Amino acid sequence: SICIAMLITAQTAAHPNKNILLGVTLPLDRLSEPEVKAIVKAYQRKYFWIIAAFFLAALPVLFLERWISLSLLYLALWILGFFLAANSAFKTSMRELHALKGKEKWFVGEVHTLNIDTEVSRLKDKMPVSRWWFVPSFAIASVPPIWAVAHRGQMDALPLAFSFLSLLFPLLCLWIYGLYMKRRTEVISENSEVNIACNFAYRRMWSVSCVAQATVMSAFFTISFLLALASPSSPALPLGLFAGLGIASILGILLFTYFRVRGTQNRLLTAAHSPILSDDDVYWERGYYYNPNDPRAYVEKRLGIGFTVNMATKKGKGTTYAGIAFFAVFLCAL
């Protein structure tokens, strides 16, 4: 599943997201230049071999199932190596494309500060679906803890605290919903109607996606929880089965939303008569987001799906270093 996720990420990076390709901002009419295509193809080829190599490198885990701590340690190191190799391949290709951009002077407008369309700002809060749409997911997620508390004497197969994990899914999706809705409105044209359509597509689709993810994961967890109670001799089977189906469903929802939003915004940008393009590569040239002028700790990734941290903020640095420390402690504990 990690290999598939990384392959999808590589494909999203190798296809234009508006006028951004491999994390580099280019003029719209330069995206199909032969030199650009050559760098993209080399990146895809390199990424494919990395995925193939690490897929084979994951096979020894199958022979370590008798030694749980060793298998977890090997898997943790495998994941670390995979991400380091993939990140190195991406940075190399990004720098090649950035060097080509500088050589050919393919610069786009000015460094982005903030473009504002007052009409979009006025309507932005009406674009996403309401937070009240999360109520059904919380209702579904409440079933396991309510049942567990009411039948404490029958909780032999699963610990009582496990039932409360169901509430994490809607809470996490609600938090992600907030991150998407805090994203600044985007101005891609001098035409307000184009900007409204672009921002509406983004905010409405991602808000619906967050609600759908919360509902699906709550439903899958609740069903697997009840099935595990019904078969106390082997609770891992229904939990593992429905966890796999849940992850597959979430991945499908994310991919559908991502490509739908990106396709809509690309069409709007291409059709815009007076596009407003900005060049903020300077904030991403280190391979991660570093913008001291941006107070946000979490910003949307330039490629792939999800958010990354702004390493110029204290909160962003704290989150990153805490994650590294946790991973180090986890390895030492294993």
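Residues numbered from 1 in each chain as written. Predicted model: local features only at pLDDT ≥ 70, side-chain atom pairs only at ≥ 80, totals over all residues. Heavy atoms only, no water.

1. Brief notes about the overall build of the protein
Within the protein, the secondary structure is distributed over 11 helices and 4 strands. Counting only residues that meet the buried cut, the protein has 40% of its 334 residues in that class. Put simply, 71% of the contacts in the protein that link residues at least 6 apart link residues at least 24 apart. Looking at the protein as shown, the accessible area adds up to about 18300 Å², and 67% of this sits on carbon and sulfur atoms. (Helix = DSSP H or I, 4+ residues; strand = E, 2+ residues; numbered from the N terminus. Buried < 20%, exposed > 50% of the residue type's maximum accessible area, 1.4 Å probe, protein only. Contact = heavy atoms within 4.5 Å. Areas by Shrake-Rupley, 256 points an atom, 1.4 Å probe, with all protein chains shown as cover.)

2. Structural notes on the environment of His-15
Looking at the element boundaries, His-15 is found in the loop between helix H1 (2-13) and strand E1 (20-21). Placed 25 residues apart in sequence, His-15 and Val-40 show a C-alpha to C-alpha distance of 8.6 Å. With residues near it in sequence (within four places) discarded, His-15 still touches Ile-20, Leu-21, Gln-44 and Arg-262.

3. Things to note about the pattern of salt bridges
Applying the stated rule across the entire model yields 4 salt bridges. One network of salt bridges, with partners in common, ties together Arg-184, Asp-294 and Arg-296. (Salt bridge = Lys/Arg side-chain N within 4 Å of Asp/Glu carboxyl O.)

4. Digging into the packing of aromatic side chains
Tallied over the entire structure, the rule returns 17 aromatic pairs. Taking 5.6 Å as the distance between ring centres and 55° as the angle between the ring planes, the aromatic pair formed by Phe-169 and Phe-221 counts as tilted. A residue pair is termed long-range when its members are at least 10 positions apart, and Phe-169 in helix H8 (residues 168-182) and Phe-221 in helix H9 (residues 192-230) qualify at 52 residues. Taking relative accessible area as the criterion, Phe-169 reaches 25% and is therefore assigned partly exposed. Using a relative accessible area of 10% as the deciding quantity, one classes Phe-221 as buried. Ring-pair connections join several aromatic residues into one group, and the members of that group are Phe-54, Trp-78, Phe-82 and Phe-83. Lying over the aromatic face of Tyr-290, Arg-286 brings its terminal NZ or CZ to 3.9 Å of the ring centre. (Phe/Tyr/Trp six-rings, centres within 6.5 Å; stacked < 30°, edge-to-face > 60°. Lys NZ or Arg CZ within 6 Å of the ring centre and 35° of its normal.)

5. As for a nonpolar patch on the surface
Residues Phe-55, Leu-56, Leu-59, Leu-62 and Phe-63 make up a contiguous nonpolar surface patch of about 580 Å² in total accessible area. By the secondary structure assignment, Phe-63 is in the loop between helix H2 (34-57) and helix H3 (68-104). (Patch = residues over 30% accessible without salt bridge, like charges linked within 9 Å, V, L, I, M, F, W, Y side chains within 5 Å.)

6. Concerning the confidence of the model for the protein
As a note on interpretation, predicted positions should not be read in detail where pLDDT is low. Looking at the protein, pLDDT values average 82 and 89% of them are 70 or higher. Averaged pLDDT values for the elements of the protein fall to 72 in H1 and rise to 94 in helix H5 (residues 135-141). (pLDDT = per-residue confidence, 0-100.)

7. A short note on H8
Three or four residues apart is the spacing at which side chains of an α-helix point the same way, because the helix has 3.6 residues per turn. In this model, H8 (15 residues) spans 21 Å end to end at C-alpha, consistent with the 21 Å of a helix rising 1.5 Å per residue. Every buried residue of H8 is accounted for by Pro-170, Cys-173, Tyr-177, Gly-178, Leu-179, Tyr-180 and Met-181. Lining the buried residues of H8 we find H5, H9, strand E3 (298-300) and strand E4 (307-309). (Expected span 1.5 Å × (residues − 1).)

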